[in-house]
Amino acid sequence: MQYLLLIGLLFGFTVQAKTITHEMGVLELTKTPFKIVALDWVLAESLLSLGVTPYAVADSDGYNQWVVKPQLPSQVKNVGSRREPNLERLTQLKPDLILMSSHLSPLYPSLQTIAPTMVLTVYNEKRDPFNQAKKILNQLAIVTTKENIAAQLISEAEQYIQNNGSRLKKAGKAARPFFLVRFIGNKHIRIHGEYSLAGQTLTMMGLTNAWQGTANMWGFASASMDKLALSQQANVLYFGPLNKTNKAKIFSTPLWRAMTFTRQKRVYELPPIWAFGGINAAVRLSDTLTDALLTAKSITK
C-alpha cells in the first residue's frame, strides 16, 4: 500500500477511484484529472479559485475581457466559442475531463466520446446562483482534491461580502434601494432582480434591490428605461464600460435628465464584471459597488 501511495504522489493521482454524480449522469474517476477543459466561464472561474489552472477554456479572449479575475494564465488554450466549442480542437488536446453546463446539453453525447464529461450548471430554473456556485465549487473541489480550499473560499467570500455591506451601513450609504442595470441602447435596460447573482450579493450585503418585478432564469428583466421611474429614490449602478458616444445618447434624453437619481447624482458606473459568474464574481461585485459608493468617483455628470 505504501508503494501505491508513493506512486500516486509522484504522478499526482489518487489511488482510490471516485464516483461523481452530475446533472446528466455519473462519472467514474480513477485518477485526479490534470488536463481539464472548462466550456463555461463560471466553471473556469471556479477552477482558478481553487488554484487549478484549466488546460483549456472556451473563448479565452472573452474571459479576459468580461470575467477578468481570477486571471486566466496565458498558457491556457482556447477551444472556440462558448456556444460552439471546436470539437476537432478538443479531440486533439486529449483532455482528462471536460466541464460544461446544461446550456450545451445537445453536445453532451459528442463530448463524452472525447473525454469524461461533467455537467454543472449555475444558472438554471432553480434561480439560486450563489448557492449553486457554492455547490459546484464543492463538487469541483472533490474532483480536484481541493476540498479544504473550497470550504475556506466559501467562508471567506461570505464574510467578505457581509463586511462590505457593514462598511456601507457605517458610512450611511445603505439606506436607499439599488437598481443594478446594464444599458441596451438608450431606451432599454436589463435590470438584475432579487435572484440574480447581483441581487443575491445585494441581499448578503444587507442592501435592498429596487427591482421587485419578474426576471428570467438568468436573473434579469428586459425593460424600457421608464421602469426606473418607478423608484427614483433608488441609487442606480450600471455595468460598464460605456463609451462617450453611448453615454451622450443615454444621459442626454429628457427622461433620463428628469429622473431624481440623475438630478441628485446618484448614478454610478461599475467596471466590467461578469454578472453571470460565481462566488469570485459576487465578491468582486460587492467590492466595486462598495468602492463606487464610498468614493463616488464614478458618478455620472
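Computed from a predicted structure; not experimentally measured. Within each chain, residues carry numbers counting from 1 in the order of the written sequence. Local features in a predicted model are, by the rule used here, given only for residues with pLDDT of at least 70; side-chain atom pairs are given and counted only at 80 or more, and totals for whole chains, interfaces and linings are based on all residues. Where side-chain values are given, they derive from all heavy atoms of the structure, hydrogens and water being excluded.

Looking at the sheet that holds strand β4 (residues 56-57)
The line we're drawing: In this analysis, strands are considered paired if DSSP registers two or more bridges between them. Labels follow the DSSP assignment, with helices taken as runs of H or I lasting at least four residues and strands as runs of E lasting at least two, numbered in each case from the N terminus. Residues count as neighbours in contact if any of their non-hydrogen atoms are within 4.5 Å of one another. As a rule, the C-alpha atoms of each element are fitted with a line to give its axis, helices using only the stretch in contact, and angles between N-to-C directions run from 0 to 180 degrees.
Taken in spatial order, the five strands of this open sheet run β5-β4-β3-β6-β7, and their pairing is parallel. In the strand order of this sheet, the two ends are held by β5 (77-78) and β7 (117-119), each with one partner. Two elements, strand β3 (residues 36-38) and strand β6 (residues 97-100), share three bridges in a ladder whose sense is parallel. Residue pairing across strands places V37 opposite I98, the latter belonging to β6. Contacting β3, β4 and β6, helix α2 (residues 41-49) crosses the sheet at an angle of about 135° to β3.

Here's the deal with the confidence of the model for the protein
As a reminder of what qualifies: Per-residue confidence from the predictor is reported as pLDDT, which spans 0 to 100.
Averaged over the protein, the pLDDT score is 91; the fraction of residues at 70 or greater is 93%. Confidence drops under a pLDDT of 50 for residues 1-15, and excluding neighbours within four residues, the segment shows eleven contacts in the predicted structure.

Considerations on the sheet that holds strand β11 (residues 235-239)
A sheet is described by the order of its strands in space; here five strands give the open sequence β10-β9-β8-β11-β12, paired in mixed fashion. Two strands in the sheet have a free side with no partner beyond their single neighbour: β10 (220-224) and β12 (267-270). Taking each pair of neighbouring strands and ignoring which way they run, the sheet shows an average axis angle of 35°. Here strand β8 (residues 178-184) runs beside β11; their pairing, made up of four bridges, is parallel. Paired with V181 across the bridge in β11 is Y238.

Quick notes on the side chain of S46
Mapped onto the elements of the fold, S46 is located in helix α2. Aside from chain neighbours lying at most four places away, what touches S46 is L137 and L140.

Side note on the pairing of β11
Just so we agree on the cut-off: When a residue's accessible area, from a 1.4 Å probe over protein chains only, is under 20% of the maximum for its type it is buried; when over 50% it is exposed; and in between it is partly exposed.
Of all five residues in β11, five are buried, a share of seventy percent or more. As paired elements, β11 and β12 share four bridges and run parallel to each other. Within β12, the residue paired with Y238 across the bridge is E269.

Looking at the nonpolar core
Buried together is how nonpolar side chains tend to be arranged in soluble globular proteins. Inclusion rule: Think of a nonpolar core as a cluster: buried Ala, Val, Leu, Ile, Met, Phe, Trp, Tyr and Cys residues, connected wherever their side-chain atoms sit within 4.5 Å.
Counting residues in each nonpolar core, the largest one holds 61 residues, and the members touching the most others are L99, M118, L180, L207, F239 and L289. When neighbours within four sequence positions are excluded, L180 is seen to be in contact with R190, I191, H192, A198, L202, L237, F239, L270 and L289. Judged by nonpolar contacts, the second largest core, of 21 residues, contains F183, M225, L242 and V267.

What about the side chain of E45?
Heads up, the rule is: The charge count treats Lys and Arg as positive and Asp and Glu as negative. His and the chain ends do not count. Each salt bridge in this description consists of a side-chain nitrogen of Lys or Arg and a carboxyl oxygen of Asp or Glu lying within 4 Å of one another.
Here E45 shows up in helix α2. Buried charge without a salt bridge: E45, with R284 as the nearest opposite-charge side chain at an N-O distance of 8.1 Å. Excluding residues that lie within four positions of it along the chain, E45 makes contacts with Y63, V67, P70, G277, G278, I279, N280 and A281.

So, the environment of T145
The residue T145 is located in the loop between α6 (129-143) and α7 (147-170) in this model. Each C-alpha atom of the pair T145 and P33 lies 9.8 Å from the other, and the pair is 112 residues apart in sequence.

Looking at the environment of G213
Position of G213 relative to the elements: it lies in the loop between α8 (197-204) and β10. In this structure G213 comes out as partly exposed when scored by relative accessible area, which is 39%. Taking the C-alpha atoms as reference points, G213 and G193, 20 residues apart in sequence, are found 7.2 Å from one another.

Some thoughts on the packing of α8 against helix α12 (residues 279-295)
Heads up, the condition is: Here a crossing is called left-handed whenever its near helix is offset anticlockwise from the far helix by less than a right angle, and right-handed whenever the offset is clockwise. We call Asp, Glu, Lys and Arg charged. Ala, Val, Leu, Ile, Met, Phe, Trp, Tyr, Cys and Pro are nonpolar, and the rest, Gly among them, are polar.
At a closest axis distance of 10 Å, the pairing of α8 and α12 adopts a crossing angle of 65°. When the axes of α8 and α12 are compared, the crossing they make is right-handed. Across the interface between the two elements, L197, A198, T201 and L202 from α8 touch A281, A282, L285, S286 and L289 from α12. Taken together, the residues of the contact of α8 with α12 sort by class into seven nonpolar, two polar and no charged.

Some words on the pattern of salt bridges
All chains considered together, the criterion is met by three salt bridges. A salt bridge links R127 to E125; the nearest nitrogen and oxygen atoms lie 3.5 Å apart. For E125, a relative accessible area of 56% gives the class exposed. Residues E269 and K247 are paired through a salt bridge, measuring 3.7 Å at the closest nitrogen-oxygen approach. One end of the pair, E269, is in strand β12; the other, K247, is in helix α9 (residues 244-251), with 22 residues separating them in the sequence.

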